[in-house]
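So you can see what is in the structure, the chains are spelled out below.
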Amino acid sequence: MLRGIDVSAYQSSSYSTDGLSFVFIKATEGRSYVNPKLTAQTKHGRDAGLVVGFYHFLWPGNLQAQAEYFVKHAPEKAGDILAVDWERTSEGTHASNAEKDHFIRIVKDLRPNNQVVLYANRDFWLNVDTTSYAGDGLWIADYVTAGKPRIQAKWRFHQYTSDPLDKDVANFADKAALKKWAAGA
C-alpha cells in the first residue's frame, strides 16, 4: 500500500511528505471558494515528487458552473488526479446521485487527460449512492485499519483516519504503478 494524505487550508503549506507517495489538495468548493494555500501546497507536493491530486467539495445545483470553476482553479498537469468530494454540506444538504454522476462526467469532458475519482464516506457509499458511479476510481473514507475499508466495491484510495490529519493509502503495487494509472496508461 502506498501512503498519502489530503490537505486543505486547515493544514500547513509545508506539510510533512516523509514516506508519502501522493497528496490530495482541496482546490475549490461550490462556485466561490478557492483554497488560499492551493499554490503553495501544490508546489510543496510537486517539489517532494508526490503524485498530486485536487478535489472539489460538491454542492447541489449549478453543476456546469461548479465543474468549470474547479478546472479553472485546479492546476492542470498531466498525471494529476481530480476528485469530487461528495458528502453533506455545512447546510446539511448534498448533491443527488444524478448530480454527482453528471459532475464527474463534466469534469472528465473538461479535463480528458486526468483521472477523475469520487471521494465518499462509507455511509454515503452504502446508503446514499444508488448508481455506484465513481468515474475512474473510488476514494473511500472509512476510519478503520488502513487498506481495509468495509465495502465490497473496488477502491483506489482509502482515507482511514483524520487524526491528526487525513491519512490515506492507495491500492497500487508501487509509486510507478500509481503514476502510470494517473497518466491514463
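Residues numbered from 1 in each chain as written. Predicted model: local features only at pLDDT ≥ 70, side-chain atom pairs only at ≥ 80, totals over all residues. Heavy atoms only, no water.

Novice: What is the right way to look at unusual backbone geometry in this model?
Specialist: Most peptide bonds take the trans configuration, and most residues that are not glycine carry a negative phi. Omega for the bond connecting aspartate 163 with proline 164 falls within 30 degrees of zero, at 5 degrees, which places this linkage in the cis form. Relative to the elements of secondary structure, proline 164 occurs in the loop between strand E8 (157-161) and strand E9 (166-170). With phi around 50 degrees, asparagine 62 is a residue other than glycine that occupies positive phi space. Tracing the backbone through its elements, the reader meets asparagine 62 in the loop between strand E4 (51-57) and helix H2 (63-73). (Helix = DSSP H or I, 4+ residues; strand = E, 2+ residues; numbered from the N terminus.)

Novice: Any chance you could explain the packing of aromatic side chains here in plain terms?
Specialist: Two aromatic rings are characterised by how far apart their centres lie and by the angle between their planes. The final tally for this structure, using the stated rule, is 11 aromatic pairs. An aromatic cluster is built from Phe22, Phe24, Tyr55, Tyr119, Trp139, Phe157, Phe172 and Trp181, whose rings are joined through pairwise contacts. Here the guanidinium or amino end of lysine 100 rests over the ring plane of tryptophan 86, the centre of that ring lying 5.0 Å away. Across from the ring centre of tyrosine 133, 4.1 Å away, lies the NZ or CZ of arginine 105, which sits over that ring. (Phe/Tyr/Trp six-rings, centres within 6.5 Å; stacked < 30°, edge-to-face > 60°. Lys NZ or Arg CZ within 6 Å of the ring centre and 35° of its normal.)

Novice: Is there a simple way to explain the nonpolar core in this structure?
Specialist: One broad trend across soluble globular proteins is that nonpolar side chains are buried collectively. Counting 39 residues, the largest nonpolar core has Phe54 and Leu118 as its most contacted members. Core analysis: the next-biggest nonpolar cluster, separate from the first, contains 17 residues, Leu2, Tyr119, Leu178 and Trp181 among them. (Core = buried A, V, L, I, M, F, W, Y, C linked by side-chain atoms within 4.5 Å. Buried < 20%, exposed > 50% of the residue type's maximum accessible area, 1.4 Å probe, protein only.)

Novice: What is the right way to look at H2 in this model?
Specialist: Counting along an α-helix, one turn takes 3.6 residues, and residues three or four places apart therefore face a common direction. Leu63, Gln66, Ala67, Tyr69, Phe70 and Val71 are the residues of H2 that are buried. Residues of H2 that are buried in the fold lie against strand E2 (22-29), strand E3 (33-34), E4, strand E5 (81-85) and helix H3 (97-110). (Contact = heavy atoms within 4.5 Å.)

Novice: Where do I start with the side chain of serine 21 in this structure?
Specialist: Here serine 21 is to be found in the loop between strand E1 (2-7) and E2. Its relative accessible area of 10% is what places serine 21 among the buried residues. Excluding residues that lie within four positions of it along the chain, serine 21 makes contacts with Leu2, Arg3, Leu50, Val51, Lys175 and Leu178.

Novice: Explanation requested: the pairing of strand E7 (residues 138-141) in the structure shown.
Specialist: Consecutive side chains along a regular strand alternate between the two faces of the sheet. The alternating pattern of E7 places Leu138 and Ile140 on one face and Trp139 and Ala141 on the opposite face, and all of these are buried. Sheet topology places strand E6 (residues 115-121) next to E7; 4 bridges connect them, and they run parallel. Bridging from a neighbouring strand, alanine 120 pairs with isoleucine 140 of E7. Note on the crossover from E6 through helix H4 (residues 122-128) to E7: the handedness is right-handed. Sheet analysis places E7 next to E8, joined by 3 bridges and oriented parallel. For isoleucine 140, the partnering residue across the bridge sits in E8 and is histidine 158. (Pairing = 2+ DSSP bridges. Right-handed = clockwise from strand over helix to strand, strands pointing away.)

Novice: Would you mind showing me how to read the pattern of salt bridges here?
Specialist: Side-chain pairs of opposite charge can arise whenever the charged atoms involved come near each other. Applying the stated criterion across every chain, the model contains 9 salt bridges. Note that lysine 43 and aspartate 47 form a salt bridge whose closest N and O atoms lie 2.5 Å from each other. Of this pair, lysine 43 and aspartate 47 are both found in helix H1 (residues 38-47), 4 residues apart, which corresponds to roughly one turn of the helix. Across this residue pair, the class does not change: lysine 43 and aspartate 47 are exposed. With a closest N to O distance of 2.8 Å, aspartate 80 and arginine 46 form a salt bridge. (Salt bridge = Lys/Arg side-chain N within 4 Å of Asp/Glu carboxyl O.)

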